[in-house]
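# Residue-level structural notes
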Amino acid sequence: MDSSSFIINTMCVVKRFGTNFALNGLDLKVPKGISGFVGRNGAGKTTTISVLLGLLKADSGEANFFGLDCWRDSYAIKRRLGVMHEINAYPGSFTGSHFLEHVVRIYELSQSQQRIKNALKDVGLADAGDRPVGTYSAGMLKRLGLAQALIGEPEFVILDEPTANIDPLGRITMLNNIKELHKEKAISFLISTHILSDLEKVCTWLSIVDSGKIIDQGNIKDLAERYSANTYKVNVSSPGLFLEKIHNSEGVEKAWIEDGNIYCKVKNVNVFYNEIPKITTELKLQLKGLQQMHCTIEEIYKATAGANIYEN
Ligand SMILES: Nc1ncnc2c1ncn2[C@@H]1O[C@H](COP(=O)(O)OP(=O)(O)OP(=O)(O)O)[C@@H](O)[C@H]1O
Ligand SMILES: [Mg+2]
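In this text, all values refer to a predicted model and were calculated from it rather than measured experimentally. (Residues numbered from 1 in each chain as written. Chains lettered and ligands numbered in written order. Predicted model: local features only at pLDDT ≥ 70, side-chain atom pairs only at ≥ 80, totals over all residues. Heavy atoms only, no water.)

## Focus: the pattern of salt bridges
Formally: Any carboxyl oxygen of Asp or Glu within 4 Å of a side-chain nitrogen of Lys or Arg constitutes a salt bridge here. In DSSP terms, a helix is any run of H or I states spanning at least four residues, a strand is any run of E spanning at least two, and both are numbered starting from the N terminus. Throughout this description, buried means an accessible area under 20% of the type-specific maximum (1.4 Å probe, protein chains only), exposed means over 50%, and partly exposed covers the range between.
Across all of its chains, the model carries ten salt bridges by this definition. Here Lys185 and Asp122 are joined by a salt bridge, their closest N and O atoms 2.7 Å apart. In this pair, Lys185 sits in helix 6 (residues 168-185) while Asp122 sits in helix 4 (residues 112-122), placing the two residues 63 residues apart along the sequence. When its relative accessible area of 45% is taken as the criterion, Lys185 is described as partly exposed. The partner of Glu282 in a salt bridge is Lys245, and the shortest N-O contact between them spans 3.1 Å. Taken together, the residues span a long stretch of sequence, with Glu282 in helix 10 (residues 269-283) and Lys245 in helix 9 (residues 239-246) at a distance of 37 residues. The partly exposed category is assigned to Lys245, whose relative accessible area is 35%. One salt-bridge network, in which partners are shared between bridges, spans Arg171, Asp198 and Lys201.

Okay, structure coming up:
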């Protein structure tokens, strides 16, 4: 994809807090559509979002949103953008509508009553607008956050952890909401989350960040194909013993164990295939199964940034 076709395009962005590099050469590319932004705790997701919003100035590199500079043109960018922050505090005595009235006033938006009505309806809170926010469930509070993000009729919305702390049903409601908003209003989304299975349901693009760098990104179908092609699941007696050997193999890039199975990201299939019988014979192990993976987002993530991995 040509880099001018990305809505978000950062090049080698560095952001330091003291000696800690929160972003260390970040090349984030996000197209139109619904995209996932994933990475472990402290990987740099919230810092990235703050740079994109012009809340933090990058130490070096370039960050563009809609082709505009995130720091210099942040006012123009924000007028086309909605944001739901990771942590939101709402005044509990305000009703949902009352809270949104304040938001509309702060943003100096016109047609306030119609906007508020539309935003509440868009997030399924039409009947709860007159209730004090203090009586809302965690899921309703998240949806109020989404209503706030939608109030300026943005073309792009950033959601930092939109489904954290909400129950499975609430999560499905939120995800369906996001899908519908994309379908009906052509709004694009960037969803930062730890809940990978949620992304599977809505996203077409995935960017994976680790230690302030993008370690892989692309169309989810392409990523899944690429990782499926070189990720194998091995079912063997004594997986721990097998893992100790296979992770040293020249043919294997990474190997990890999960639910009693070994997963290998393979860089040379022939070497990998030769290695397996050697190890099982040497250690007198029984090979019960060997299969190429059909990768889910979770497996792509594990093959890139996952924990408990032996790397070569
Ligand atoms: N204001 C700050 N001052 C100092 N260090 C910070 C600050 N904000 C973030 N960091 C550090 O920068 C790194 C990236 O943090 P960031 O909050 O961007 O991660 P994250 O991916 O959003 O994590 P999480 O999943 O826990 O929300 C971490 O090491 C964090 O401790
Ligand atoms: Mg964060």
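## Considerations on the packing of aromatic side chains
Think of a pair of aromatic rings as described by two things: how far the centres are apart, and how the planes are tilted against each other in angle. Our working rule: Aromatic pairing here means that ring centres of Phe, Tyr or Trp (its six-membered ring) are within 6.5 Å. Orientation follows from the plane angle: under 30 degrees is stacked, over 60 is edge-to-face, and everything else is tilted. Only when the NZ of Lys or the CZ of Arg is both within 6 Å of the ring centre and within 35 degrees of the ring normal is a charge said to sit over the ring.
The tally for this structure, following the rule as stated, stands at eight aromatic pairs. Between Phe65 and Phe66, the aromatic rings sit 4.8 Å apart at their centres with planes inclined by 50°, giving tilted as the arrangement. An angle of 15° between the planes, with centres 5.8 Å apart, marks the rings of Trp256 and Tyr263 as stacked. Residue class for Trp256 comes out buried when judged on its relative accessible area of 2%. With a relative accessible area of 9%, Tyr263 lands in the buried category. One aromatic cluster is present, built from ring pairs that chain together Phe65, Phe66 and Phe156. Over the face of the ring belonging to Phe17 we find Lys15, whose NZ or CZ atom lies 5.7 Å from the ring centre. Directly above the ring of Phe66 sits Arg80, whose terminal nitrogen or CZ lies 4.0 Å from the centroid.

## Some remarks on the domain arrangement of the protein chain
The following threshold applies: For every domain, the bounds stem from an assignment made automatically or drawn from a database. Contacts are assigned to residue pairs with any non-hydrogen atoms lying within 4.5 Å of each other. What counts as buried area is the accessible surface, traced by a 1.4 Å probe, that two parts surrender upon association, with contributions from both included. Whenever a nitrogen or oxygen atom comes within 3.5 Å of another N or O atom, the pair is scored as a polar contact, on the condition that within protein one atom can donate a hydrogen and the other can accept it, and that pairs from neighbouring residues in sequence are kept only if both atoms are in side chains.
Each domain of the protein chain was delimited in the assignment, giving domain 1 (3-219) and domain 2 (224-311). Once you take the C-alpha centre of each, domain 1 and domain 2 turn out to be 36 Å apart. Between domain 1 and domain 2, the contact holds twelve residues from the first and ten residues from the second. Taken as a group, Leu196, Glu200 and Asp216 account for 45% of the area that domain 1 buries against domain 2, more than any other trio of residues on that side. For Arg226, the salt bridge identified is with Asp216, shortest N-O distance 3.1 Å. For the pair domain 1 and domain 2, the interface holds four residue pairs in polar contact (both at pLDDT 80 or more). Counting residues per element, the ones that place at least two in the side of domain 1 that touches domain 2 are helix 7 (196-202), strand 10 (205-210) and strand 11 (213-219).

## Things to note about the pairing of strand 10
This is how it is decided: Here, any two strands with at least 2 DSSP bridges between them count as paired.
Burial analysis of strand 10 places six of its six residues in the buried class, the great majority of the element. Going residue by residue along strand 10, you find Trp205, Ser207 and Val209 tucked away on one face and Leu206, Ile208 and Asp210 tucked away on the opposite face as well. Pairing of strand 4 (residues 34-38) with strand 10 involves four bridges; the strand directions are parallel. Bridged to Phe37 within strand 10 is Ser207. Both strand 10 and strand 11 contribute to a ladder of six bridges, which runs antiparallel. What sits directly across from Leu206, in strand 11, is Gly218. Joining the antiparallel neighbours strand 10 and strand 11 is a turn of two residues, in which Ser211 adopts a positive phi near 45°.

## Quick look at helix 9
An α-helix turns once every 3.6 residues. As a result, residues three or four positions apart point the same way. Basically, it comes down to this: What the arc describes is the spread of directions from the helix axis to the C-beta atoms.
For helix 9, every residue scored as buried is listed here: Pro239, Phe242, Leu243 and Ile246. With its buried residues spanning 100° around the axis, helix 9 presents them on a single face.

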